[in-house]
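Chain and residue survey
Residues per chain, in single letters:
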Amino acid sequence: MMKEIIIATNNKHKVEEIQQEIGKKIKIIPLKELGFREDIPETGSTLKENARQKARFVFEKFGKDCFADDTGLEVNALGGRPGVYSARYAGEKCSFDDNINLLLEEMNGKTDRTACFKTVICLIENGEEKYFEGICKGNITTERYGNKGFGYDPVFIPEGYGESFAEMSGEEKNKISHRGKAIRQLIQYLAKK
Ligand code: IMP
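Read on for an overview of the structure. Because the structure is a prediction, the values reported are computed rather than measured. (Residues numbered from 1 in each chain as written. Predicted model: local features only at pLDDT ≥ 70, side-chain atom pairs only at ≥ 80, totals over all residues. Heavy atoms only, no water.)

Points about the pattern of salt bridges
Quick reminder of the rule: Basic side-chain nitrogens of Lys or Arg form a salt bridge, by our definition, when they fall within 4 Å of a carboxyl oxygen of Asp or Glu. Secondary structure counts use DSSP, requiring at least four H or I residues in a row for a helix and at least two E residues in a row for a strand, with both numbered from the N terminus. Per-residue accessibility, obtained with a 1.4 Å probe over protein chains only, is compared with the maximum for each type, and a residue is labelled buried under 20%, exposed over 50%, and partly exposed between these values.
Counted by the stated rule, this structure contains 14 salt bridges. Lys-14 is paired through a salt bridge with Asp-69; the nearest N and O atoms lie 2.6 Å apart. Of this pair, Lys-14 sits in helix H1 (residues 12–22) while Asp-69 sits in strand S3 (residues 66–75), placing them 55 residues apart in sequence. Looking at Lys-14, the relative accessible area reads 9%, which means it is buried. Arg-144 is the partner of Asp-97 in a salt bridge, and the nearest nitrogen-oxygen pair spans 3.1 Å. Note that Asp-97 is positioned in helix H3 (residues 96–106) and Arg-144 in the loop between strand S6 (128–140) and strand S7 (156–158), a separation of 47 residues in sequence. Several salt bridges share partner residues, and in doing so they unite Lys-14, Glu-17, Asp-69, Asp-153, Lys-173 and Arg-179 into one network.

Remarks on the layout of surface pockets
Heads up, the rule is: Grid points spaced at 1 Å and placed over the protein atoms alone form the basis of the search, with a cavity being a set where a 1.4 Å probe fits but cannot get out and a pocket an open set showing protein on both sides within 12 Å along at least five of seven lines. Lining residues have an atom within 4 Å of a point. Grid points are joined across faces, edges and corners, and a volume is the space filled by probe spheres set on the points. Residue polarity follows a fixed list, in which Ala, Val, Leu, Ile, Met, Phe, Trp, Tyr, Cys and Pro are nonpolar, Asp, Glu, Lys and Arg are charged, and the others, Gly among them, are polar.
In this model, the largest pocket occupies a volume close to 1000 Å³. Contributing to the lining of the largest pocket are 34 residues, with Asn-11, Lys-14, Glu-42, Ala-87 and Phe-96 lying nearest its centre. At the level of elements, S3, H3 and helix H5 (178–191) are the ones that each hand at least two residues to the lining of the largest pocket. Of all the elements, S3 adds the most residues to the lining of the largest pocket, at four residues. Here the residues of the lining of the largest pocket are counted per class, giving eleven nonpolar, eleven polar and twelve charged.

A word on the site of the ligand
The condition is simple: Residues are classed as near a molecule or strand on a simple rule: at least one heavy atom within 4 Å of it. Polar contacts here mean pairs of N or O atoms no more than 3.5 Å apart (in protein, one a potential hydrogen donor and the other a potential acceptor; neighbouring residues in sequence count only if both atoms are side-chain atoms). Using a 1.4 Å probe, the Shrake-Rupley method yields the accessible areas, and only the shown protein chains count as cover for residues. Each molecule is checked against the cavity or pocket grid, and it sits inside if more than half of its atoms lie within 2 Å of the grid points.
Lys-14, Thr-71, Asp-153, Lys-173 and Arg-179 are the nearest of the 17 residues found near the ligand. For the ligand, an oxygen atom lies 2.7 Å from a polar atom in the side chain of Lys-14. Asp-153 has a polar side-chain atom sitting 2.6 Å from a nitrogen atom of the ligand. Contact with the protein chains removes 94% of the 480 Å² of surface that the ligand exposes when unbound. Most atoms of the ligand, that is more than half of them, are within 2 Å of grid points of the largest pocket. When contributions to the shell around the ligand are tallied by element, the ones reaching two or more residues are S3 and H5.

Points about H5
Note the following rule: By this rule the span expected of a helix is its residue count minus one, scaled by 1.5 Å. Working rule for contacts: check all heavy atoms of both residues, and any pair within 4.5 Å makes them a contact.
Here H5 contains 14 residues, and its C-alpha end-to-end distance of 20 Å stays within 8% of the 20 Å for a straight helix at 1.5 Å per residue. Here H5 has its buried residues at His-178, Arg-179, Gly-180, Ala-182, Ile-183, Leu-186, Ile-187 and Leu-190. In this fold, the buried residues of H5 make contact with strand S1 (4–7), H1, S3, strand S5 (114–125), S6 and helix H4 (170–176).

Side note on the packing of H1 against H5
Heads up, the rule is: To get an axis, fit a line to the C-alpha atoms, keeping to the stretch in contact for a helix; angles then go from 0 to 180 degrees between the N-to-C directions. By the definition adopted for this analysis, an angle is roughly parallel if under 35 degrees, roughly antiparallel if over 145, roughly perpendicular if from 65 to 115, and oblique otherwise. Crossing handedness follows the turn of the near helix against the far one: under a right angle anticlockwise gives a left-handed crossing, and clockwise gives a right-handed one.
Between H1 and H5, the shortest axis-to-axis distance is 10 Å and the interhelical angle comes to 50°. Of the possible angle classes, the one that applies to H1 and H5 is oblique. Crossing of H1 against H5: the hand is right-handed. Along its contact with H1, which presents Lys-14, Glu-17, Ile-18, Glu-21 and Ile-22, the element H5 presents Arg-179, Ile-183, Arg-184 and Ile-187. For the contact of H1 with H5, the residue count by class is four nonpolar, no polar and five charged.

Below, the structure is given as C-alpha cells:
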C-alpha cells in the first residue's frame, strides 16, 4: 500500500512545493483534507522546536504519521534576524508585503546583503521523531523582483544565480531551495524503509 503522511501546515504554497517534489511516491494529506483549518501553535525559540511543536500537535490530534516544516530567513547584517520570527517579523497578522517592506527598510544602506533560508522538517513516524534540514545561501536585493512563490521570495537571490526565487518556476526553486533540500532527505529516508 502507498505510504500516506499528513503535512502539518495550512500554507498552500508549502503544500504545492512539497507535493511537486514528492510527486506520486508518497500520498500527502494536507490538513484541510482532514477538515482542520486552524493555526497550529508555534511558540518555540528555534526552527527545530517549532517544527517539532507543529508535528506533535498534529500527531496527537490525528494519531497518524505526519511531518511539519519550519523555515526562517537569517540575514547576516541583522544579526540573523528575522530567523525563527520570519512569519511575524513586521508584527502579528502581518502580510508577506509588510515583512518585505520592513526588511528592505532595515537593509537600507547595508553593504553586506548575505542571508540564508533554513528549513527544519520534523517527521513523526509511529510516535518517533526524526529531523531533516536544508539551507540555501543568497543575497537580499534592494527592491522586489518577480511575482511567483511566496514570503520573501521576491527579495532573495540564491547564490550563483541572477534571478530571485520569485522569478523562478516552482521546479527551479525546488532544485536549490532550503525546503527542496530538506524534502529530498525526507523522501530518501522514507524510500529506504
Ligand atoms: P514558517 O514558520 O515555516 O511557516 O515560515 C515563516 C515565514 O518564512 C513565512 O511566513 C514566510 O514569510 C517565510 N518563508 C518560508 N518559506 C519561504 C520560502 O520558501 N520563500 C520565501 N519565504 C519563505
